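# Commentary on secondary and tertiary structure
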Amino acid sequence: RRPPRSTLSSSSAASDVYKRQRLTRTAASVLDLEKLATMILDDLTQTLHIRWAAFFLEQEGKFRPVVQSGADRAAGLDLDYDHPIIRWLAGHETAMTADVLDEMMAQDILPRPQAGELRRIGVQMFIPLRARDMLVGVLGVSSKLSQQAYSQDDEQTLTTLANQVSIAIDNARLYQAVQQELAERNRVEAEREALIAELKDKNAEIERFTYTCLLYT
């Protein structure tokens, strides 16, 4: 006997909630940036049934789709600091929804080649990744496989996960800065020890020369 449809719907909803909570808890426990981003995107595309998703992270002055998951790819979709999408996200803490994107395209705010690329991969939303009041990355997602619109719960889940990656990016940058400082200290210490060793050798050489001179005087 099949259970009532309402029971199936409730069970599916509860399963989705559990998956979102599990994903958020797991994301909070992972420190490695690339591992975290890959894990989130893989789970995200499966949990929300998204056709494509990508994290655009800063590289060489541009936000590039460094980590991606799903059927399509955003290769070549680099967003520089002057890009309308980046300027919009830098000034907002909320997600850029499909309505905002459609309005920007309708008003020719987006360059036509990039607008065409966005349409090709079906981008539905961009979520800003912010750390210390600065834009450090972007989470881009396409439409769902079901073509259903994103709900408020979906947007909240995406925003929460974006915040987790923002923290990971900030931690990675702090770790890199500490490692660079330690490397510089080690370099200076190594140079100091090498100089001390060189001075000791020279002093020993001077002492031998002085001793030899005294022997023949």
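Above: the structure in question.
Sequence positions are assigned chain by chain, starting from 1 and proceeding in written order. Selection of residues for local features in this predicted model requires a pLDDT of at least 70, selection of side-chain atom pairs for listing and counting requires 80 or more, and totals for whole chains, interfaces and linings are taken over all residues. Water and hydrogen atoms play no part in the side-chain values, which are based on all heavy atoms of the structure.

## Thoughts on unusual backbone geometry
Let me state the cut-off plainly: Every helix listed is a DSSP run of H or I at least four residues long, and every strand listed is a run of E at least two residues long, numbered separately from the N terminus. Here's how the labels work: a residue is buried when its accessible area is under 20% of the maximum for its type, exposed when over 50%, partly exposed in between, all with a 1.4 Å probe on protein chains only.
With a phi close to 60°, Asp 108 is a non-glycine residue in the positive phi region. Considering the arrangement of structural elements, one finds Asp 108 in the loop between α4 (98-106) and α5 (112-121). Despite not being glycine, Arg 132 has its phi angle at roughly 55°, a positive value. Secondary-structure assignment places Arg 132 in the loop between β4 (123-131) and β5 (134-142). Among the residues examined, Arg 132 registers a relative accessible area of 58% and is labelled exposed.

## Topic: the pairing of strand β1 (residues 52-59)
Just so we agree on the cut-off: Between any two strands, at least two bridges found by DSSP are needed for them to pair.
Within β1, 6 of the 8 residues are buried, which leaves it mostly tucked inside the rest of the structure. Bridge count between β1 and β5: 5 bridges; the pairing is antiparallel. Bridge pairing in β5 links Ala 54 to Gly 140.

## Quick word on the nonpolar core
The following threshold applies: Here, the term nonpolar core denotes a set of buried Ala, Val, Leu, Ile, Met, Phe, Trp, Tyr and Cys residues that are joined through side-chain atoms within 4.5 Å. In what follows, residue pairs with any heavy atoms lying within 4.5 Å of each other are defined as contacts.
In terms of nonpolar packing, the biggest core is built from 28 residues, with Leu 44, Phe 55, Leu 129, Leu 139, Val 141, Leu 158 and Val 165 touching the most fellow members. Contributing elements (two or more residues each) for this core: α2 (33-47), β1, β4, β5 and α6 (152-215). If you tally residues by element for this core, the top one is α2, at 7 residues. Residues within four places of Phe 55 in sequence aside, it is in contact with Ala 37, Ile 40, Leu 41, Arg 64, Pro 65, Val 66, Val 67, Leu 129, Val 138, Leu 139 and Val 165.

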